[in-house]
Amino acid sequence: MNDAPRKPRIALMGEFSAGKSTLANLLLEQDSSPVQVTATQLPPVWYSLGPGTVERELADGSTAPLPLDDWSAADPASTAMIRARIEADLLYAFDLVDMPGTCDPCMTSDVWSNVLAQVDMVIWCTPANQAWRQSEAALWEQVRPELWTRSLLLVTRMDKMQSAPDRRRVLARVRLEAGEMFRDVLPIALTGAIAGRDDADVLEQTGAAALVRFLETALDEGACAPPLPPAPVCEPAPVPVAAPVPEPVPDAAGRVVPRRIQRSGEGRRERPQAGVG
Ligand SMILES: Nc1nc2c(ncn2[C@@H]2O[C@H](COP(=O)(O)OP(=O)(O)OP(=O)(O)O)[C@@H](O)[C@H]2O)c(=O)[nH]1
Ligand SMILES: [Mg+2]
């Protein structure tokens, strides 16, 4: 598809409504990835750098164009993948795959295996109010360990924790239970970060700035390089469906966090200056 060495690929994974698409929108500085407020699901959405075209890949390998702003025709039953080629700073450094919830019945083991075998890093989103459930651990344990050491466990919805001690407690527990299976565990308040995407203090307080630093370090240290060779992955066991907590999507004004993921040259990046954004 591309004659240049391929970019590192990040999959956004986690259970239903964990914040994957909200994270995609934060990282891509736009609202491309439809944030779900219903049980309607999309197939995986593979973002790469491009002119603003979207198509869906059907199970037989054929493709059909999709409008940039309406992906409703891409039902998971007939669509293996949505390919979105768009302009975003992060996409000069990475490809990003926004996955359906792991408990989504439409996400068959084929979809899981196919995407996981092609990516170099996972950002696993787990909501703070029910973080790192057994069903998540059971799935992650089936992933090849080469991915563990490259991947990030992102505890979302930190703004839903009542107090600072609650936030500390949930993070400490998750780090204890899952820390060894990830490169790092970080907290984030995604909707707050999007709402305050132009304010360096907000980005710092919500955890978005730390996430950007994690990605920069991953690039600097070659955490995603060389790209992992394709590998088969065990099929996920059936898991219970997590209760969704729908919320309104905040407006996305202006530009966001990963402006620092440098765009001059493939895979190049600049060191962070003081502050963020
Ligand atoms: N308050 C708060 N709400 C969040 C946060 N992250 C996500 N949400 C909300 O949670 C809901 C679900 O978010 P999505 O990004 O669609 O979750 P998802 O993981 O993509 O969901 P599926 O694709 O359906 O599995 C949306 O209403 C978001 O606005 C967060 O950190 N804080
Ligand atoms: Mg989603």
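Provided above is the structure to which this section pertains.
Summarised in this report is the structure supplied together with it.

Thresholds applied
- Residues numbered from 1 in each chain as written.
- Chains lettered and ligands numbered in written order.
- Predicted model: local features only at pLDDT ≥ 70, side-chain atom pairs only at ≥ 80, totals over all residues.
- Heavy atoms only, no water.
- Near = heavy atom within 4 Å.
- Polar contact = N/O pair within 3.5 Å; in protein donor to acceptor, adjacent residues only side chain to side chain.
- Areas by Shrake-Rupley, 256 points an atom, 1.4 Å probe, with all protein chains shown as cover.
- Helix = DSSP H or I, 4+ residues; strand = E, 2+ residues; numbered from the N terminus.
- Buried < 20%, exposed > 50% of the residue type's maximum accessible area, 1.4 Å probe, protein only.
- Expected span 1.5 Å × (residues − 1).
- Core = buried A, V, L, I, M, F, W, Y, C linked by side-chain atoms within 4.5 Å.
- Contact = heavy atoms within 4.5 Å.
- Phe/Tyr/Trp six-rings, centres within 6.5 Å; stacked < 30°, edge-to-face > 60°.
- Pairing = 2+ DSSP bridges.
- Right-handed = clockwise from strand over helix to strand, strands pointing away.
- Axes fitted to C-alpha atoms, helices over the stretch in contact; angles between N-to-C directions.

**Overview of the site of ligand 1**
Around ligand 1, 20 residues are found, and the nearest of them are Lys20, Thr22, Arg157, Asp159 and Leu190. One of the backbone N or O atoms of serine 17 is found 3.0 Å from an oxygen atom in ligand 1. Interatomic distance of 2.7 Å between a side-chain N/O atom of arginine 157 and an oxygen atom of ligand 1. If ligand 1 stood free it would expose 660 Å²; the protein chains cover 98% of that surface. Contributions of two or more residues to the shell around ligand 1 are made by helix 1 (20-28) and helix 6 (190-195).

**Observations regarding unusual backbone geometry**
You will see that serine 17, though not glycine, has its phi angle at about 70°, which is positive. Tracing the chain through its elements places serine 17 in the loop between strand 1 (9-14) and helix 1. Even without a glycine there, the phi angle at arginine 157 is positive, about 55°. Of the residues examined, arginine 157 reaches a relative accessible area of 15% and is grouped as buried.

**Topic: helix 8 (residues 208-220)**
End to end, helix 8 covers 18 Å across 13 residues, agreeing with the expected 18 Å (1.5 Å per residue, within 8%). All of the buried residues along helix 8 are Ala208, Ala209, Leu211, Val212, Phe214, Leu215, Glu216, Ala218 and Leu219. Just past helix 8, the residue glycine 222 takes up positive phi, approximately 65°.

**Side note on the nonpolar core**
Soluble, globular proteins show a tendency: their nonpolar side chains are buried together. Formed by 42 residues in total, the largest nonpolar core has its most connected members in Leu23, Tyr47, Trp71, Leu96, Ile123 and Leu215. Put simply, the parts of the chain that give this core at least two residues each are strand 1, helix 1, strand 2 (45-49), strand 5 (79-86), strand 7 (121-127), strand 8 (152-156), helix 6 and helix 8. At seven residues, helix 8 tops the list of elements feeding residues into this core. Those residues in contact with leucine 96 that lie beyond four places of it in its chain are Ile10, Leu12, Ala24, Leu27, Leu28, Val45, Trp46, Tyr47, Leu90 and Leu91.

**Looking at the packing of aromatic side chains**
In the structure shown here, the tally under the stated rule is five aromatic pairs. A centroid spacing of 5.7 Å and a plane angle of 65° characterise the contact between tryptophan 124 and tryptophan 140, whose relative ring orientation is edge-to-face. Of the two residues, tryptophan 124 is situated in strand 7 and tryptophan 140 in helix 3 (residues 134-140); the sequence distance between them amounts to 16 residues. On the basis of an interplanar angle of 5° and a centroid distance of 4.7 Å, the ring pair of tryptophan 140 and phenylalanine 182 is categorised as stacked. One end of the pair, tryptophan 140, is in helix 3; the other, phenylalanine 182, is in the loop between helix 5 (164-178) and strand 9 (184-187), and 42 residues separate them in sequence. The exposure classification of tryptophan 140 matches that of phenylalanine 182, with both residues buried. Of the aromatic side chains, those joined through ring pairs into one cluster are Trp124, Trp132, Trp140 and Phe182.

**Topic: the pairing of strand 8**
Counted residue by residue, strand 8 has five buried out of five residues, so it is predominantly covered. Alternating positions in strand 8 separate into two faces, Leu152, Leu154 and Thr156 on one and Leu153 and Val155 on the other, with burial throughout. Bridging between strand 7 and strand 8 involves five bridges; their strand directions are parallel. For threonine 126, the partnering residue across the bridge sits in strand 8 and is valine 155. Judged from the four bridges that link them, strand 8 and strand 9 form a sheet pairing that is parallel. When the sheet's bridge partners are listed, leucine 152 is paired in strand 9 with aspartate 184. Note on the crossover from strand 8 through helix 5 to strand 9: the handedness is right-handed.

**Focus: the sheet that holds strand 9**
Here we have nine strands laid out as an open sheet, ordered 4-3-5-2-6-1-7-8-9, and mixed in their pairing. Two strands lie at the open edges of the sheet, namely strand 4 (63-66) and strand 9, each paired on one side alone. With strand direction ignored, the average angle separating the axes of adjacent strands in the sheet is 25°. Taken together, the six bridges between strand 3 (residues 53-58) and strand 5 define a ladder with antiparallel strand orientation. Counterpart to glutamate 55 in the pairing with strand 5 is arginine 83. Of the strands in this sheet, strand 1, strand 2, strand 5, strand 6 (95-98), strand 7 and strand 8 touch helix 1, which is tilted by about 155° from strand 6.

**A few points about the pairing of strand 5**
Among the eight residues in strand 5, seven count as buried, and that is most of the element. Sheet topology places strand 2 next to strand 5; five bridges connect them, and they run parallel. Residue pairing in the sheet places serine 48 in a bridge with arginine 85 of strand 5.

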